[in-house]
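Structure assessment
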Amino acid sequence: MSESEIEMEPERLIVFDTTLRDGEQCPGASLNIKEKLEVARQLSLLKVDVIEAGFPVASPGDFQAVETIAKEIRNASIAGLARAYEKDIVAAAQALEKAESPRIHVFLSTSKSHRTHMVKKAKEEIVTMAVDAIKMAKKYVDDVEFSPMDASRTEEDFLATVLEAVIDVGATTVNIPDTVGYAIPEQFGDLISYIKKNVSNIDRSIISVHCHNDLGLAVANSLAAVRAGARQVECTVNGIGERAGNAAMEEIVMALKTRKNFYQVDTQIETKHIMACSKMVSSLTGFFVQRNKAIVGKNAFAHESGIHQHGFLKKKDTFEIMDPKHVGADDSELVMGKHSGRSALAHKVKELMGYEISQEDLDILFDEFKILADEKKEIFDEDIVSLIHKQKLEDDSLVTYRLGKFKCSFETGGAPQAEVELLGKDGATFSASAEGDGPVDAIYNCIDKISGLQCKLLDYQVMSKTKGQDAQGEVTVLVLNETRESLGKGSSLNTLEASAEAYVDAINKLLFKRKSGPVEGSDIPGP
Ligand code: KIV
Ligand code: ZN
C-alpha cells in the first residue's frame, strides 16, 4: 500500500464544526451562552475553519450565542443556520452582523419522504423556495451554504437539479447531509462523484458533507466523500449530536493527518489542542467519552497486552500509528500545589484554555484554587479546568438556588435521612428533610420538596476527574420534569456534595426554562 502513497502537496479540507449547533441540539446537551463561548474559543484555538454557532431564529438564547461568538471569534467563519424562510434568514443575518467572516447556512428538505410528509411541497416548489432563500441570504452575506436535507435519500437527478439552481444564484458551498445516517461509504462516495459529474456548475461551489452516525458510519462516509472530491466536512467534537451523533471531528482530522499520502488532503487543525477540546465538550455537555473511543478515549493510546508492550518498547511504530502528543494526549501533568502562586495559575489557564484570564477572574479562581490545594495534595490540569468551569461559566441568570449546608446519615437496615439547605438569590434560606432509598435519593427528595418540582432521575453518572484517592468526583444527572429533560453537573472531593450540586444545577435549568417560556411547542423543528 505504501508504494502507492506518493508524496504530493495535499489539498486543503475545510473543517466546519457544528458542535454548538447540531451537537448541542441533542437532548440533555444544552449549554449556556458562557459555555458556548468557551467552546467557541477552544474551537478557534484548534483552528477550525467554520464554527456553526447556532440556529438564531430557534430561541433568543441561540440568537444571543451566535451574536456573542460572531463578535469575539476572529480566526474562523461563523455560521448561523436558517430554514428557507425570510424570518430565519433575517435572524441569522442579524445575529451575524458583527462577524468578520459570516456565513448563512440555509437548509431545506429535498427527499421524497420529507417533501411529502414534512414540507408538503412538490419538487418545483422546493427548487423555487431554495433559490429564493439563497437570493435573500446573498443580500446579507457573500458566503452562503445550502443543505438539501436528507440528501442521501433524495432522487439523484432531483438533487442535481436543486444544487445547480442554488449554485446559479450564488451558493458558495453545497452541503450533502446524510441526515438520518442511512448512507454507506461506497454509495456515499459515488453520490459525491455523481454530483461532480452531473451538476454543470459544481466548480463554482465547494462540496461539503454532513454525516450522522446511526449505522456507526459517519466518519467512514465523510472520508469516502473526501476521497470522491468533497472539500468540506461537517463534524462535531467527540461526535456528539442527535441520536447516535455526528461525524467525530478528531477522527476525521487524525485519519487525514495519519493517512495524508492516501487522501492527499489535509486540514489546518492544530491537533495538539484536540484532547483539551474533547475534555471541555465532554465536561460541559455531560456526555462522557467512552474509554475506547478513537483518538480521545482514555484507552486510545494504552498498550496493555504483553506482545504489544514488548514491540512498542522496542520501537513505537510497531503498534502505534499516531503520537499521543500530536493530539495533546500525553499524561496529565501534575501541575501545581498549595505553594504555587497567582502568575503560575494565570500561566496554566493560558496554556489550558488558550486565553489570558482577567485580573478579576484570576482573583476568584486563585481563592478557589487555594481551598482545593488545601484539601488535595496533587492538583492536575483537570482540576484547574473544573475550577474554571465552576467560576467562569456559571450563568447567574440561570441560578435560582445554590447548595448550602447538607447532612446525610444512614445505617444498615434503616432508611437514609437527609437535611438540605438551599440558598436563594436574595439571601433567603430554604431547608427540608426527607428519607430516600439511598443517601443520594434522600438528598434529591429534599431538593424536590424545596423546589416544588416533581422530578424523575433518568440518569446518574459519577466519574473521577483525575488519578488518586483524593480525586474530585464529577457527577452528571439527567432529570425529567413533566416533558422537559435537564442535565446538571457538579464536582467536588465529596461525591454526595457533587451529587447534590448536580441536581441543584439541573433544577436551576428547569426553573429557568419555565421562566423563559416553552421551547417545546414552538414552531421551530430541530433539523
Ligand atoms: O442533519 C442535517 O440534515 C442537518 C442539516 C441542517 C445540515 O443538520
Ligand atoms: Zn445534522
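This section reports on the structure supplied with the text. (Residues numbered from 1 in each chain as written. Chains lettered and ligands numbered in written order. Predicted model: local features only at pLDDT ≥ 70, side-chain atom pairs only at ≥ 80, totals over all residues. Heavy atoms only, no water.)

**What to know about the coordination of the zinc ion (ligand 2)**
- Protein coordination of the zinc ion (ligand 2) is provided by Asp22 (OD), His210 (NE2) and His212 (NE2), with donor distances spanning 2.0 to 2.1 Å.
- Along the chain, the residues donating to the zinc ion (ligand 2) are arranged with the sequence spacing D-x187-H-x1-H. Residue Asp22 is found in helix H1 (residues 19–23), and its partner His212 is found in the loop between strand E8 (206–211) and helix H9 (218–228); the two are separated by 190 residues along the sequence. For the pair formed by Asp22 and His212, the shared burial category is buried. (Donors = N, O, S within 2.8 Å, 3.2 Å for Na, K, Ca; no water. Helix = DSSP H or I, 4+ residues; strand = E, 2+ residues; numbered from the N terminus. Buried < 20%, exposed > 50% of the residue type's maximum accessible area, 1.4 Å probe, protein only.)

**Let's talk about the environment of Gly54**
- Looking at where Gly54 falls in the secondary structure, it is placed in strand E3 (residues 50–54).
- For Gly54, a relative accessible area of 0% puts it in the buried group.
- The sequence separation of Gly54 and Ile78 amounts to 24 residues, and the corresponding C-alpha distance is 9.4 Å.
- The contact partners of Gly54, leaving out residues within four places of it in the chain, are Leu20, Arg21, Asp62, Val66, Ala79, Gly80 and Leu81. (Contact = heavy atoms within 4.5 Å.)

**Describing the nonpolar core**
- Counting 94 residues, the largest nonpolar core has Leu43, Ile104 and Ile176 as its most contacted members.
- When sequence neighbours within four positions are dropped, the list of residues in contact with Ile176 reads Ala151, Leu163, Phe188, Leu191, Ile192, Ile195, Ile207, Ser208, Val209 and His210. (Core = buried A, V, L, I, M, F, W, Y, C linked by side-chain atoms within 4.5 Å.)

**Brief notes about the site of ligand 1**
- Arg21, Asp22, His105, Phe107, Ser147, Met149, Asn175, Pro177, Thr179, His210, His212 and Pro527 make up every residue found near ligand 1.
- Here Asp22 contributes a side-chain N or O atom positioned 3.1 Å from an oxygen atom of ligand 1.
- Contact between ligand 1 and His212: an oxygen atom at 3.0 Å from a side-chain N or O atom of the residue. (Near = heavy atom within 4 Å. Polar contact = N/O pair within 3.5 Å; in protein donor to acceptor, adjacent residues only side chain to side chain.)

**Observations concerning helix H7 (residues 156–168)**
- Here H7 contains 13 residues, and its C-alpha end-to-end distance of 18 Å stays within 8% of the 18 Å for a straight helix at 1.5 Å per residue.
- Among all positions in H7, only Phe158, Leu159, Ala160, Val162, Leu163, Ala165, Val166 and Ile167 are buried.
- Following H7 by one or two positions, Gly170 has its phi on the positive side, about 110°. (Expected span 1.5 Å × (residues − 1).)

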